[in-house]
Amino acid sequence: MDGSSVRYAACGNGPPALFLHGWGLRPDAYARAIEAMAAAGCRVYAPALPGFGGTRELEAHERSFAGYGLWVERFADAVLPAEEPCFALVAGHSFGGGVATAFAHACPDRCGGLLLANAVGSPVWARYTDELLTMVERPLWNWGFNFGADVLRSPGAVRTLAALVGDVVPNLVRNPLGLVRTSAVVRRADLVDEVAAVAAQGTPVVVAWSDRDHLVPRSAFDDLRRAAGVDGVVVEGSHAWLVADPTGFGELAIMALAESGASLGRPTLRSV
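Think of each chain on its own: its residues are numbered from 1, step by step along the sequence as written. In view of the model being predicted, local features appear only for residues whose pLDDT reaches at least 70, and side-chain atom pairs are presented and counted only at 80 or more, with totals across whole chains, interfaces and linings using the full set of residues. Excluding hydrogens and water, the side-chain figures rest on all heavy atoms present in the structure.

### Some details on the overall build of the protein chain
Only DSSP runs of H or I covering at least 4 residues are called helices, and only runs of E covering at least 2 are called strands; the numbering of each starts at the N terminus. Looking only at helices and strands, the protein chain has 10 helices and nine strands in total. Burial statistics for the protein chain: of 272 residues in total, 54% are counted as buried. It only takes one pair of heavy atoms within 4.5 Å for two residues to be counted as in contact. Restricting to contacts in the protein chain with at least 6 residues of sequence separation, those with at least 24 account for 77%. What sets the accessible areas is the Shrake-Rupley method with a 1.4 Å probe; for residues, cover comes only from the shown protein chains. Split by element, the accessible area of the protein chain, about 11,300 Å² in all, is 57% carbon and sulfur. In this scheme, a residue with accessible area under 20% of its type's maximum is buried, one over 50% is exposed, and one in between is partly exposed, where area comes from a 1.4 Å probe on protein chains only.

Here it is, written out as C-alpha cells:
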C-alpha cells in the first residue's frame, strides 16, 4: 500500500469490520478484543496505524486526524473486495477512535456504524467554575503519570501491563520520534463537529467510556456523546478496559453492529 507494506491482523467471517488501536500500541495488544469483535459475526481488519508496528509514518503535511482518515481509506481500498467496499462497523480505541471518526467523516459511504471506545476528540481537558483547560495545555507528565496509574488500576493488571508494554517497547525502539509526533496530533484533537456530522448523515454512533479512565476524561466522553446525540455507554474499568475485558468489548460490538443493521455471518476465527 502506498509503495510500502502494512502489518495487519484479520480474523472472523462475515461482513468486513475495522478496528483501530490506541496511541503507542499495535493490534497485538488487542488480540483477544479483536477476536471477541469477530465473534459478533464479522471479519475484522486491524491495521498497525502509520508510525506504529512498522507501518511507515505519514508525511509531515499529512499528520492530522484527517490525514490518518485518508490513510484508512487507502487501506480499505487495498484489503476490501470490490463487491464489498464498506465496513459494517468501524471501531476505534483512544487515538484510534479519533482516526475512526475522521475516516467515517471523510468516507460516509464506507462506514456502516461507528464505535468509539474511550476516544480522543474533545479539545477540553478540564472544566472549572472560572476556567477551561484544553488538551494542549495538559502537561506531558500528567499523561505519563495517568497512563501508569491507569494500567495498575486495571483488573488483571499484570496481563494488561504485559500486553501494553509488549507493544509500546517495540514502537519506542523502532520509531521514538514518531511516537512524539503522533502524541502532538492527539493533544490537538478536536473532532466534536465531525462526530456530530457523522451522526447527522445517518451513521449510527456508539460512544463508550470507562469509569476509571484518567487519560480521556469524563468531560470528553460527554462532549462526544452529546455531539452524536446518544446517551453513551459507561463500563467498569480503566482506559485499557477492552484489553482486560475482551468479552465486554465483544458485547459492545454486537450492540453497535445491530444498530448499524449489518447482516452478520457465522464466524470461524483465524488470524493471518
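### Concerning the sheet that holds strand E8 (residues 205–210)
Here the rule is simple: two strands pair whenever DSSP picks up at least two bridges between them. With mixed pairing, the seven strands of this open sheet are ordered in space as E1-E3-E2-E4-E5-E8-E9. The open sheet has two free edges, formed respectively by strand E1 (8–11) and strand E9 (233–235), since each of these has just one partner strand. Strand-to-strand twist of the sheet, defined as the mean angle between neighbouring strand axes without regard to direction, takes the value 15°. Relative to E8, strand E5 (residues 114–117) runs parallel, the two sharing four bridges. Note that in E8 the partner of Ala117 across the bridge is Ala208. To define axes, lines are fitted to C-alpha atoms, for helices over the stretch in contact only, and angles between the resulting N-to-C directions are given on a 0 to 180 degree scale.

### Concerning unusual backbone geometry
Phi at Ser94 is positive, roughly 60°, even though this residue is not glycine. Looking at the secondary structure, you find Ser94 in the loop between strand E4 (89–93) and helix H3 (95–106). Accessibility expressed as a relative area gives 10% for Ser94, which makes it buried. Backbone geometry at Asn118 places phi at a positive 50°, although glycine is not the residue there. Among the secondary structure elements, Asn118 is positioned in the loop between E5 and strand E6 (124–127). Residue Asn118 is classed as buried on the basis of its relative accessible area, which comes to 0%.

By themselves these figures say nothing about function.
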